[in-house]
Amino acid sequence: MLKIYGSVMSRASRNIWAAEECAAPYELVSLDFRKGEHKQPAYLAINPAGKMPSIVDGDVVMAESLAINAFIAQKYGKGKLWPADEKGQAKCLQWTLWAAAELEPVAYGRLREVLFKKEDERDHKLLAELAERGKPIVGVLDAVLQDTPFICGSQFTLADLNVACVMEYMVRSNFDISPWPKTAAWYKACAGRLGNMKVQEMRAQAMKVAA
Ligand SMILES: N[C@@H](CCC(=O)N[C@@H](CS)C(=O)NCC(=O)O)C(=O)O
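Let me begin by describing the structure that accompanies this report. Small disclaimer: the values here were computed from a predicted structure and weren't measured.

1. Focus on the packing of helix α1 (residues 12-22) against helix α8 (residues 194-210)
Helix-helix packing is characterised by the crossing angle of the two axes and by the distance between the axes.
Thinking step 1. Following both chains from N to C, one finds α1 and α8 inclined at 135°, their axes separated by 8 Å at the closest point. The angle between α1 and α8 falls in the class oblique. As for how α1 packs across α8, the hand of that crossing is right-handed. Between α1 and α8, the residues in contact are S13, I16, W17, E20 and E21 and G195, N196, K198, V199, M202 and R203, respectively.
Thinking step 2. Counted by class, the contact of α1 with α8 contains four nonpolar, three polar and four charged residues.

In structure tokens, the structure reads:
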């Protein structure tokens with residue numbers, strides 16, 4: 001059975017979304033940031049870096065949220081989240097690394113400013129610089145979405161899920177994606193999927209408990 005370690009407020013949410021998409025049986029082993037549970041020996045034995053998320057599935061122990069999603073898609077989502085054809089699979093890997101290497105540095109840089117700081121403490125110069133850096137990056141995705149609703153064509157795949165997880169940071173940090181209408185429509189379609197709605201419900205519940 002797939003065990004996902006992490007808080008639903010963390011990047012573990014990406015893996016919950018993937019597991020939900022694949023209808024994979026999974027257990028969420030919640031780790032509390034505030035209690036530092038991700039730095040305790042029990043968790044460090046799974047991920048010595050002390051970062052969330054990690055998974056354990058049989059003999060497989062792994063970290064890195066977007067790579068975990070590739071594993072989940074391949075094991076539980078063949079022909080759906082993980083396309084049946086080689087071309088689609090190649091695109092899924094390409095866009096997974098694109099999300100991590102190109103989009104996430106900008107997106108997380110912005111989210112960190114907005115999420116962890118009050119309005120008057122934010123580095124607005126940095127936010128503006130990151131917004132400028134983000135524009136051509138979003139443009140790369142938008143070019144692909146001109147002719148198809150999803151990255152690999154008509155079907156929602158791992159490529160969309162992994163890019164949308166990171167695009168969420170752009171949206172949550174108030175980066176306006178409306179100048180790219182195809183990307184905005186794509187993001188709306190991804191965010192509205194049942195798997196992501198489930199994640200949002202779980203987050204809302206966790207916030208209620210924490211309040
Ligand atoms: N690239 C990693 C990033 C993991 C990461 O930084 N996770 C955050 C939570 S979203 C974390 O565990 N932060 C606590 C820390 O770094 O001590 C991934 O995608 O899984």
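2. With respect to the site of the ligand
Thinking step 1. Contacts to the ligand come from S10, R11, R14, F33, H38, K39, K51, M52, P53, E64 and S65.
Thinking step 2. One nitrogen or oxygen atom from the side chain of K51 is found 3.2 Å from an oxygen atom belonging to the ligand.
Thinking step 3. Look at the ligand: alone it shows 510 Å² of surface, and the protein chains cover 75% of it.

3. Overview of the sheet that holds strand β1 (residues 2-5)
Thinking step 1. Pairing is mixed across the open sheet formed by four strands, whose spatial order is β2-β1-β3-β4. Each of the sheet's edge strands pairs with one partner strand only, and the pair in question is β2 (26-29) and β4 (60-63). Taking the axes of each pair of neighbouring strands and ignoring which way they run, one obtains an average angle of 15° across the sheet.
Thinking step 2. Note: β1 against β2, four bridges, orientation parallel. Along β2, the bridge assignment pairs Y5 with V29.
Thinking step 3. Along the sheet face, α1 touches β1 and β2 and points at about 155° away from the line of β1.
Thinking step 4. Its contacts with the sheet place helix α3 (residues 65-76) against β1, β3 (54-57) and β4, and it is angled at close to 140° to β4.

Cut-off values and rules
Residues numbered from 1 in each chain as written. Predicted model: local features only at pLDDT ≥ 70, side-chain atom pairs only at ≥ 80, totals over all residues. Heavy atoms only, no water. Axes fitted to C-alpha atoms, helices over the stretch in contact; angles between N-to-C directions. Helix = DSSP H or I, 4+ residues; strand = E, 2+ residues; numbered from the N terminus. Parallel < 35°, antiparallel > 145°, perpendicular 65-115°, else oblique. Left-handed = near helix turned anticlockwise from the far one by under 90°. Contact = heavy atoms within 4.5 Å. Nonpolar A, V, L, I, M, F, W, Y, C, P; charged D, E, K, R; others polar. Near = heavy atom within 4 Å. Polar contact = N/O pair within 3.5 Å; in protein donor to acceptor, adjacent residues only side chain to side chain. Areas by Shrake-Rupley, 256 points an atom, 1.4 Å probe, with all protein chains shown as cover. Pairing = 2+ DSSP bridges.

Bear in mind that shape data such as this cannot, by itself, settle questions of function.
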